[in-house]
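These are the residues of each chain, in order.
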Amino acid sequence: YIVAAGWSKDTNPVQSVYLPEDAAWLDDALAGCYILVAHNATFELHWLMHRYPDKMHEWFKGSGRLWCTQLAEYLLSNQTELYPSLEDTSMKHGGTKKIDEVKLLWESGLKTSEIDRDLLMEYFAGPKGDIENTRKVFLSQYKQFSERGCLDMVWERMEALLFNATC
């Protein structure tokens, strides 16, 4: 099950919910959204397609696109950095380090649902959390690819990732 869901649109504040019980959060997240951005997007996509297949198919059939910041970082590194972490990637693009306490709790064997709610939500959706860092990475990567004149190639790679993840 999902412990927390979070999203942001453009430069608007990060939105999040703890223990969402229905798909209302996904409706909010996808409304008016044209690009789903995630780090290691295949993982997120597999979960979303498993849990909400009709919503996700409808969104992609409409105008939805996928951007994986991990794949984009691999491409920016001239295909030398095979599995860049979000933390390492975000540091290159103006982001911040993660809250180490959450990682330590996971390493000690705690499940995500057993971590203090406030600490987890700060780690995930706070001003230095995963959502904000992913946004900063995306905006920086998009700008770099645009400046290099290779956005078309990157979009083709993202379409290939979507195809492979859904097949």
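See the structure shown above.
Scoring rules and cut-offs
Residues numbered from 1 in each chain as written. Predicted model: local features only at pLDDT ≥ 70, side-chain atom pairs only at ≥ 80, totals over all residues. Heavy atoms only, no water. Phe/Tyr/Trp six-rings, centres within 6.5 Å; stacked < 30°, edge-to-face > 60°. Helix = DSSP H or I, 4+ residues; strand = E, 2+ residues; numbered from the N terminus. Buried < 20%, exposed > 50% of the residue type's maximum accessible area, 1.4 Å probe, protein only. Core = buried A, V, L, I, M, F, W, Y, C linked by side-chain atoms within 4.5 Å. Contact = heavy atoms within 4.5 Å. Expected span 1.5 Å × (residues − 1). Arc of directions from axis to C-beta.

Focus on the packing of aromatic side chains
By convention here, two paired aromatic rings are described through the distance between centres and the angle between planes.
Here comes step 1: Under the defined criterion, the tally for this structure stands at 10 aromatic pairs.
Here comes step 2: Between the aromatic rings of Trp25 and Tyr52, the centroid separation amounts to 6.0 Å while the plane-to-plane angle is 75°, which identifies the pairing as edge-to-face. Of the two residues, Trp25 is situated in helix α1 (residues 24–30) and Tyr52 in the loop between α2 (41–51) and α3 (53–62); the sequence distance between them amounts to 27 residues.
Here comes step 3: Since its relative accessible area comes to 9%, Trp25 is described here as buried.
Here comes step 4: Under the relative-accessibility criterion, Tyr52 is labelled buried at 9%.
Here comes step 5: Ring geometry for Trp47 versus Tyr52: centroids 5.8 Å apart, planes at 70°, classification edge-to-face.
Here comes step 6: These aromatic residues form a ring-pair network of at least three members: Trp67, Phe138, Tyr142, Phe145 and Trp155.

Re the nonpolar core
Here comes step 1: In terms of nonpolar packing, the biggest core is built from 36 residues, with Trp25, Met56, Trp67 and Phe145 touching the most fellow members.
Here comes step 2: The element best represented in this core is helix α9 (residues 151–166), accounting for seven residues.
Here comes step 3: Discounting chain neighbours no more than four positions away, the residues touching Phe145 are Trp67, Ala72, Leu75, Leu76, Cys150, Leu151 and Val154.
Here comes step 4: In terms of nonpolar packing, the next biggest core, distinct from the first, is built from 11 residues, Val102, Leu120, Met121 and Tyr123 among them.

Remarks on the environment of Asp10
Here comes step 1: Position of Asp10 among the secondary structure elements: in the loop between β1 (4–7) and β2 (15–18).
Here comes step 2: Residues Asp10 and Arg135 lie 125 residues apart in sequence; the distance between their C-alpha atoms is 8.2 Å.

A closer look at α9
Here comes step 1: With 16 residues, α9 extends 23 Å between its outermost C-alpha atoms, agreeing within 8% with the 22 Å of an ideal straight helix rising 1.5 Å per residue.
Here comes step 2: If you check which residues of α9 are buried, you get Leu151, Val154, Trp155, Met158, Leu161, Leu162 and Ala165. For α9, the arc enclosing every buried residue in end-on projection is 115°, short of the 170-degree limit, so these residues lie on one face. Every exposed residue of α9 that faces more than 90 degrees away from the buried side is listed here: Asp152, Glu156, Phe163 and Asn164.

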